[in-house]
Each structure stands twice: as C-alpha cells, then as structure tokens.
Amino acid sequence: MKKAPLISLKGVSRHYPSGDGFTTVLDHVDLAIERGEMVAIIGASGSGKSTLMNILGCLDRPSEGEYLISGRPTFELEPDELAELRREHFGFIFQRYHLLGELDAVGNVEIPAIYAGQNRDARREKAETILDRLGMSDRTHHRPSQLSGGQQQRVSIARALVNDADVILADEPTGALDSHSGEEVLGILQELNREGHTIVIVTHDRNVAARAGRIIEIRDGEIISDTRKGDTSKSSPEGPVKHGKPKKPRFLGGIRDRFSEAFAMALRSMNAHRLRTFLTMLGIIIGTASVVCVVALGQGSQQQILKQISDLGTNTLYISPGKGFGDLKAAQITTLTLSDAGEIAKLPYVLAATPLNTTSSTIRVGDKEVSVSVNGVGAEYFATRNSKLLEGRFFDQHSVEDLAQVADIDDTARNTLFPHETGSVIGKIILLGKVPVRIVGVVKAEERGMGGATTLEAYLPYTTVQTRMTGSRSLQMIMVRVADTMDPAEAEKMITEFLTKRHGEKDFSIFNTGTLQKAVQATTAMLSLLVSSIAAISLFVGGIGVMNIMLVAVSERINEIGVRMAIGARQSDILQQFLIEAVLVCLIGGVLGVLLAAGFGLLFAQFGSPFHLIYSPTSIVVALLCSSLIGIGFGFIPARNASKLDPVVALARD
Ligand code: ADP
Ligand code: MG
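Residues numbered from 1 in each chain as written. Chains lettered and ligands numbered in written order. Predicted model: local features only at pLDDT ≥ 70, side-chain atom pairs only at ≥ 80, totals over all residues. Heavy atoms only, no water.

The protein chain appears in an unreviewed UniProt entry as Pyoverdine export ATP-binding/permease protein PvdT from Phyllobacterium leguminum. Regarding the protein chain, the relevant UniProt record gives this comment under Sequence similarities (unreviewed entry): "Belongs to the ABC transporter superfamily. Macrolide exporter (TC 3.A.1.122) family." (UniProt positions renumbered as here; feature names shortened; annotations may be inferred.)

Attention now goes to the UniProt feature "transmembrane region" (unreviewed entry) in the protein chain. Mapped onto the present numbering, the UniProt feature "transmembrane region" (unreviewed entry) falls on residues 278-298, 525-553, 574-607 and 613-637. Between the C-alpha atoms that bound residues 278-298 there is a distance of 29 Å. The span itself is 100% helix and 0% strand. (Helix = DSSP H or I, 4+ residues; strand = E, 2+ residues; numbered from the N terminus.)

The subject of this paragraph is the environment of Thr-335. With respect to the helices, strands and loops of the structure, Thr-335 is situated in the loop between β11 (316-321) and α10 (338-346). Sequence separation of Thr-335 and Leu-613 is 278 residues, and the distance between their C-alpha atoms is 44 Å. Residues within four places of Thr-335 in sequence aside, it is in contact with Asp-340, His-503 and Asp-507. (Contact = heavy atoms within 4.5 Å.)

Taking 1.5 Å as the rise per residue, helix α6 (residues 179-194) with 16 residues should run 22 Å; its terminal C-alpha atoms sit 22 Å apart, in good agreement. When we look at burial in α6, the residues that qualify are Ser-181, Gly-182, Val-185, Leu-186, Ile-188, Leu-189, Leu-192 and Asn-193. All buried residues of α6 project into a common sector of 155 degrees when viewed along the axis, lining one side. Summarising the geometry of α6, the exposed residues directed more than 90 degrees from the buried face are Ser-179, His-180 and Arg-194. The N-cap of α6, judged by a side-chain oxygen 3.1 Å from the amide nitrogen of His-180 a few residues on, is Asp-178. Where α6 terminates, the next one or two residues include Gly-196, which has phi positive at roughly 120 degrees. (Expected span 1.5 Å × (residues − 1). Buried < 20%, exposed > 50% of the residue type's maximum accessible area, 1.4 Å probe, protein only. Arc of directions from axis to C-beta. Polar contact = N/O pair within 3.5 Å; in protein donor to acceptor, adjacent residues only side chain to side chain.)

This brings us to the domain arrangement of the protein chain. Considered domain by domain, the protein chain is made up of domain 1 (7-249), domain 2 (268-306 + 519-651) and domain 3 (334-506). For domain 2 and domain 3, the distance between their C-alpha centres works out to 54 Å. (Domains from an automatic or database assignment.)

What follows deals with the sheet that holds strand β1 (residues 7-18). Across the sheet, four strands lie side by side as β2-β1-β4-β5; this open sheet has antiparallel pairing. The outermost strands of the open sheet, each flanked by one partner alone, are β2 (21-33) and β5 (72-73). Here nine bridges tie β1 to β2, and the two strands are oriented antiparallel to one another. The partner of Pro-17 across the bridge, within β2, is Phe-22. (Pairing = 2+ DSSP bridges.)

Next up on the list: unusual backbone geometry. Its identity as a non-glycine residue notwithstanding, His-28 has a phi of 45 degrees, on the positive side. Tracing the chain through its elements places His-28 in strand β2. If you check the backbone angles, Cys-58 has positive phi at about 60 degrees while not being a glycine. Taking the relative accessible area as the measure of exposure, Cys-58 reaches 5% and is therefore buried.

All right, on to the environment of Gly-117 then. Residue placement: Gly-117 occurs in the loop between α3 (105-115) and α4 (120-133). The exposure class assigned to Gly-117 is buried, which follows from its relative accessible area of 5%.

Below, the discussion takes up the site of ligand 1. Close to ligand 1 lie Tyr-16, Val-25, Ala-44, Ser-45, Gly-46, Ser-47, Gly-48, Lys-49, Ser-50 and Thr-51, which account for all nearby residues. In the environment of ligand 1, an oxygen atom lies 2.7 Å from a nitrogen or oxygen atom belonging to the backbone of Gly-46. In the model, an oxygen atom of ligand 1 is placed 3.1 Å from a nitrogen or oxygen of the Gly-48 main chain. For ligand 1, whose accessible area on its own is 560 Å², the fraction buried by protein is 56%. Here the residues of the shell around ligand 1 sort into three nonpolar, six polar and one charged. (Near = heavy atom within 4 Å. Areas by Shrake-Rupley, 256 points an atom, 1.4 Å probe, with all protein chains shown as cover. Nonpolar A, V, L, I, M, F, W, Y, C, P; charged D, E, K, R; others polar.)

Written out as structure tokens, the structure is:
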C-alpha cells in the first residue's frame, strides 16, 4: 500500500460570512505534499494563499473538505492537539517576522521549546546553536528592534526550527526584505530543504517561486496549475536532521518552566506599563490598607476601652433605676434610695456600697466661672474607684454625716481654677452654684473614653449634694464593690433578688463590668465588620479596575497571543500568562496595601493617640488572600477571552 502523503487536502473550501451570504476564499482545493518537497504557492494578492497556508498550519480549519496529516484527519483533533502539531510538527515564518519585542533573539527562539517542555539548558544551547548556524552568533542578545529585517527573519527561522519541525511554512518570508536579505533567507530555506525539511513557501514573486522544486499557482481560491521541476527525487524520506540531542518530554519540569516563563512575561509587561499598572494597583492598595487599618483600629480601640473598664474594677456592680439602658422613665423612678445602699452595704459579700449622684453646676473663684460636674458620692467612693490622691485628703464618713461643705476636685479642675497657684490649694473656698465649699483634696483625673472632652470633676458627700443642691432624695446610681472572692455575676444575681424583694418589683437595672466588657467586645466586633465591609467594597472596585486593565492588555496584545498560538502555545499557556499578571497586580497591590497600613500605624503613634493600632495576622493574611482571589476572579474573564481567541483572527490583528 502506498504511504499516505505528509500533507493532503481533499476538497477543502473556506468560506467567510459576508453580507447575507458567504464569500468563498478557497474552493475545493485538492493538494498533496510529500515529505521533503519544497513547494511554492504563487498567486496574486487576495487569491487565498494565506488562507490556504493557515489551514495547512492548523491555525484555521476548512469549512468543507478534509485535511490529513500523514493520513490522519485533523478535524478530530482537540485544540491542544492542534497546538501540539503547531509546536512540534510545523514551523511558521511570517512576512512581518512576528517576534516578541520584549525578548532578545535567544528568548524568541526559545519560546516554542518552553511550550514543548524542554529543559532550560538544553533549549538555550539549542537556540544558540541554531542562531549560530544562521550566522547570528553575535546577535543572540539583541532585541528585535536592534536587528535588521533580514536578521529578524533569521531569528524567526531559528524559532521555527527549535523544536525540529519537519514542515516549514513560510508566508511571504521575503516580502518585507530587500533583495539581498531575501536572497539569503531563500538560501537558508533551500539548505533546510536539502537537509530534509519539507518547505511550503507562499509568494507572489515568480523569481522567489522559481527556487522551489514545485510551483502551485492559485487564483481566486482555485489551483490553476501545479508544476514540478525535473529532479524531485532529492527528497529524503527520513525527514530532517535533528539539531542536538533528542528531547525527553518532561512533565513537571515543563510545567514549572512554562509557569516561570509566564511569570517573567507578566513582570515584563507590568514593567512596560508602569504607570498604568500602578494606577490599577492603587484600588487594591487602598482597599487592602483600609481593611487592615480598620481592623487594627477596631482592635486597638477595643483594647483601650476594655482596659478602661478593667480600671473600673472587675468586681464592681452598678445599680441604676429604670428597666435598663435607655429607659426613658428612669429619671422619674425614685425608688432607689439611700437605705437601699445602706442595706446592700450590710450584705456579707459586699465590701462597700456608695451612692453616686451626678449633677452639673458652675464653680466660681474670684471672677472666674466654669462649669463642672458635681458627683455626690459616699466616702467609700474613692476606695471603690481606686482614686489617686495628689494633695490633701479624701473627705471621710464624718463629712458625709455632717453634710459638710467640702469637696475633692480633680487635677483638671485644679489647673483650670488656679492656673497660677504653685502652692497648695487645700483650704481654698470655691462657690459651687450658690454653695460655698472648701477644697480638702485634689485627686488625679479619671481616664475618660477616647477623645472625650475633659470635664472638670468635683466630688462632694452625697448628703451635701442632696440637701444643698438637688433636693432629691432618690439616687441616680449605687456603686457596689463586691468581695474579690465573689463571682461578680453571682453577686449581681443575689443583689438583684435582694433589691427586688425590697422594692416588690424589679424597677432597677444592674450591670457588672464583665457584662460591659462583653458588650464592648460585641459592639466593636460589629463595627469592625461593618466598616470592613465598606472597605471591602473598595477592594471590589479595585478588582473591577484590574479586570478593565486586563481587558485592555489582552486587546493590546492580541497579535502577540496569535503569534504564541501559532508557535505552539496551548490555551492554558495563554490563560496562565494573563492570569498570573492579574494575580501579580493584585498581590503586589495587597502587599503594598499592608505596608501602607503599617505606615499609617506608625504615623498614628506619632500623634500621641491614646491607643495603638493592633494588627491582627489573620486580617493581613485574609487581605492578601482576598486580593489574590480578586486577581483570579477578575482576571479570569480577560485571560479566558485571550485563550479562546482564534489564532488566525489574532494573528491578522496588527
Ligand atoms: P492572499 O494571502 O493570497 O493575499 P488571503 O488568503 O489573505 O489572500 O485572503 C483571500 C481573501 O479572503 C481576500 O479577499 C480577503 O479579503 C478574504 N479574507 C481573508 N480573511 C478573511 C476573514 N477573516 N474574513 C473575511 N474575509 C477574509
Ligand atoms: Mg497573504
């Protein structure tokens, strides 16, 4: 049985949709090319030569008819199998060379070998050997822009040879060259043919065609003549000589190389568009920085508040009238009385119970008048609150019993009232509202919540406040200090029972600092979540920016994608390249965002804020993870668009 020809077209047509019908560019072409032939396809411009060539090179599929390679029909092949044919079997040479501008000569020659999974040293050596053979040994590290047309075409021939392709498809390889360089390129092709490569060359130039052993003339998509010169016997059925060692397919190493090549490509393209990349990143940077900062701020302020609460003492209970926080009628409930405080103080597990009535008033000293918050408290108050005495003494139980007109003021009040007094202020008389009061002590101001306005505080016996100032006998609050050995929650339960029995109903609310701590934790967690989700929106918007830019990048590089596909890139290689770029943009943006957040923390500390930002590793990891996911999520569609491009359409774009 006769061996099947290397290439065989049977009744191949190619139609393009046009208007409401089709234009037929190739019309039932029958063609067989044997191994080792050198064939020139000649015809006028627009006669369908390139269309035929693209079908031969498996870049395009026939609309009708059958294309067989070594007897095997191509219509049954998957896209990746076609890519493999283009990579291993065919070598393309284009009129406009189609080299990648960012790579030097060796880099360009290597690409098909990378896609084929050859190891680094072997492919580099091979690329250099071939370039050397084509007289390019002193130009191996030049970029295409630094090479002449003839030299670029030699690089593209080397690229076609790097995977030992046995068929070289050259579409007008000399069309853009001066006659001398064209001559040289034709010489190389002839030499390759003598070595056993099958060469198909498309041209509209009869002189070029004359170099081939067989000339096929095509007009309006039909073959009108097919002539062979006498000696077609030179074909060598063994196929071309191989350059270098036979390659072993490497699976994992190949994947790693393709990944690192895609990675390097992504870096190069990001570097080529630095400003654009940075602006794209900005969305991610700001998004990540705000998420990390918000969480850190939340944690920092929560820690600060919790510290303030624990300063209040963990075994302190607060009893106030009304059914709970925000009871509007609380002010009218007058059932919480002094005797309650007295009775609670007698309970065995209670160390001290002090009433706390707060009202505001003004202090007058000389002609100075300032507003002040007046705290009517028991003598135990200072012990309960752990107040620090700076000067003088705390008023005592006698002062309470005697309704003494004495006051302890805090140092903020002292400094406001007596700014120029360097000595002691003990014994000075101030006018609190209309009541003259003698200062007996100065205490250190209690820490207020963050950013709270500094109020002046005066502490007076509650008896004095009740009789001389408010006139009310009911209490606003009772502060209870329970024994350290007592569980505050348990104490709260027992005091609740005790007071409910006394009042006949539960017309008061009671809380301990433990409950407060839990409430604060819950609230700040809620707030952090809320603000984080707003910050997450900015991350999302950043992601949309990334997608937008990736779509631009893909459409800018359609021609490059076409070239990569023509020289054997799989769809997954293209997908990977653009996906890596998107993920890199997001990941670098994420890292910069975290750094920005850290910088913000340092700045924050410089301004002497009362609390620090606390960075949680979880939030940083989550932010980085999120930004990578955004890269994958928003980069996927553009990358998939790129990988699904039709190679012919992509190549035609310039
Ligand atoms: P040649 O390479 O011989 O100059 P081509 O094969 O490039 O010619 O094109 C042959 C004809 O097919 C031309 O008339 C061209 O307009 C048409 N053609 C090529 N590609 C397309 C396409 N993608 N869509 C529609 N028409 C096309
Ligand atoms: Mg053409």
